[in-house]
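# Per-entry structural report
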Amino acid sequence: MRARFSPLHVTRTCVALFFGLLAACSPSQQMSSGAPEMNGPADQGIVATRQDGNRELGREVFRFETFGNEGFWTDGVRLPAGMAAARVTPMQALQLGLQVDVDAIDPATQRALAQQLKDDPTGKTSALLNDPAVTTALVGANAVVGFSARNGKVGATCALCHTMSDQSVFNLPGAGSIGHRRDGMANHGLNMGRILATGANSRALYPMLQLALRANHGKSLGRAPEGLTEHSTEAEVDAYFSNPAFYPVGMFDDTFDGNGDPMHNTPLFRQDLAAPFGSEGAIARLDNFGNLVYTSLFDLTMLTTPGGRALVHKLAGAAGDEMVNNYVQILSETGVRGYPFVTAAPHPMPGTEDAPLGVRVDNDKLLAMNAYLASLQAPRGAPINAAVAMRGRETFRSAGCTTCHNVSQGVRVPSTVHPMAEVFPGDNPVVLAQRMPPLTPVMNTTASFFDDKMAVFNASIRGEKRGVTMPLLLDLARKPVFLHDNSAPSLDALLDGSRGASAPHPFYLTDARRRSDVIAYLRSLDTNSR
């Protein structure tokens, strides 16, 4: 194991799934200048009907609802205790990418902070930003975005990964900021691994680790050279979470499969345009996606219930059974009691997309969040010269990008799932375990991280392909890295043929000027783009 990193702050978030982002899609490895000009693929796919509830209630659900998961984060992972022990200051929390809602701070503190930042805009000498007691007060006031305090405990909400501040009070470039909430925006600077490592009992996150299981002959799937076990110490777990080579900044592991497969945070605005859900397309309906997050990722102890065990066994067989059994032992060893913590009701159709673990949280609140996420507007695109925009748009159409993507970003993305071999020609998976159809076998291409996310969880769970879905091509000017595995460090790198013919998304523009035009065009896209 690597040396332990100094852990820092607090909890976790909404999963956010959808394909790590972007690109210009063409069926050939170099974009063809002779492709017929289209405004999008002929097959736009079928989208399940979405039900919307009360939008105002949905905003409160998105920002503050835990359905009881504060028990998991406070009594299981013991995040508040870890924060107190580490004496996390507001400045350190901001360095981890956390956002602070200025509207939740009392007026006197706002005035004092404004004066301190006027005296020193860096915040380094600010008494408020460097006092651990202020962090506790901010969390208790629900000012730290993504954390919900109630009854003396702290839980996690969807806002953690999917809300930014407008930076109007203070900003650490590439990290956290203080200002008014801007819900729905992906937090690209969130250091989720270091946040998780802050918990005094990070072993309670065992199903989310990169594991070495006996059923898999000790082999491990992920970025670390070896996996953790049920005997791994708190320090070893913290070292895994805190190592950016294993758990990169801006990413979150949104599966409970025992694999190390974090994916890049994605936006949750204009969810009326985004379906299916999950970069792998496993979930067809937005409210079902929310229910899965609340009943598994926000309280991993739900996996120990009969419904949780049934789902894990269905997906991972003997390895899944071993993982849950080990988890029960860890919870016992670390003194976690009274679980599961999330409040959810038995569902009449257990094991379906509506209730994968056999339970569902308050359906009215899920439908209310549907309405809120569908209503959130996407940010405006970056300003661009009209001539460049025209050239970029025409290249986007003529080079074959519209084989997969729509020109207009004001219409929903195509809901089709693209086979892995089409998007990733280097896909050469080894079968790790057979599964009952329609599930595909558990497969992995050993030379790449790209398909790790789809090894266990993929769209075959609903009878679809093992592959990827189309992302929203919105707010790309803020996005620092591309593809769900962070393998393209920029738009230029994504579209540059030096990545090679077998790389993920190998659709390139070899002419530098045309590539530059398309990059500018992509950065300019918003829902008004045509």
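Look above for the structure.
Residues numbered from 1 in each chain as written. Predicted model: local features only at pLDDT ≥ 70, side-chain atom pairs only at ≥ 80, totals over all residues. Heavy atoms only, no water.

This brings us to the packing of aromatic side chains. Enumeration over the complete set of coordinates arrives at 13 aromatic pairs. Consider the rings of Phe241 and Tyr247, whose centres lie 5.7 Å apart with planes at 65 degrees: the pair is edge-to-face. Given the relative accessible area of 0%, Phe241 is considered buried. Since its relative accessible area comes to 0%, Tyr247 is described here as buried. Each ring, one from Phe424 and one from Phe450, has its centre 5.4 Å from the other, and the planes form 65 degrees; the classification is edge-to-face. Linking Phe424 in the loop between helix 14 (420–423) and strand 13 (430–433) with Phe450 in the loop between strand 14 (442–444) and strand 15 (467–468), this pair joins segments that are 26 residues apart in sequence. Residue Phe424 is classed as buried on the basis of its relative accessible area of 4%. Aromatic rings pair up to connect Tyr240, Phe241, Phe246 and Tyr247 into one cluster. (Phe/Tyr/Trp six-rings, centres within 6.5 Å; stacked < 30°, edge-to-face > 60°. Buried < 20%, exposed > 50% of the residue type's maximum accessible area, 1.4 Å probe, protein only. Helix = DSSP H or I, 4+ residues; strand = E, 2+ residues; numbered from the N terminus.)

In this section: the pairing of strand 2 (residues 147–150). In summary, the side chains of a regular strand alternate between the two faces of the sheet. Relative to strand 3 (residues 153–156), strand 2 runs antiparallel, the two being bridged by 4 bridges. When the sheet's bridge partners are listed, Arg150 is paired in strand 3 with Lys153. (Pairing = 2+ DSSP bridges.)

A separate point is the nonpolar core. Proteins that are soluble and globular tend to have nonpolar side chains buried together. Judged by nonpolar contacts, the single largest core of 109 residues is most densely connected at Phe241, Phe256 and Tyr294. Top contributing element to this core by residue count: helix 11 (residues 306–333), with 9 residues. Beyond its immediate stretch of four places on either side in the chain, Phe241 contacts Gly193, Arg194, Leu196, Ala197, Ser202, Leu205, Leu209 and Tyr247. Grouped together as the second largest cluster of nonpolar side chains are 24 residues, Phe450, Val468, Phe482 and Leu491 included. (Core = buried A, V, L, I, M, F, W, Y, C linked by side-chain atoms within 4.5 Å. Contact = heavy atoms within 4.5 Å.)

Attention now moves to the pattern of salt bridges. For side chains of opposite charge, pairing can occur when their charged atoms come near one another. Inspection of the entire model under this criterion finds 27 salt bridges. Of the charged contacts in the structure, one is a salt bridge between Asp254 and Lys453, with a shortest N-O distance of 3.6 Å. Taken together, the residues span a long stretch of sequence, with Asp254 in the loop between strand 8 (251–252) and strand 9 (263–264) and Lys453 in the loop between strand 14 and strand 15 at a distance of 199 residues. For Arg360, the salt bridge is made with Asp287, and the minimal N-O distance between the two is 2.7 Å. Note that Arg360 is positioned in strand 11 (residues 359–360) and Asp287 in helix 10 (residues 286–297), a separation of 73 residues in sequence. Like Asp287, Arg360 is buried. Put simply, Arg55, Glu56, Arg59 and Glu60 are held in one network by salt bridges that share partners. (Salt bridge = Lys/Arg side-chain N within 4 Å of Asp/Glu carboxyl O.)

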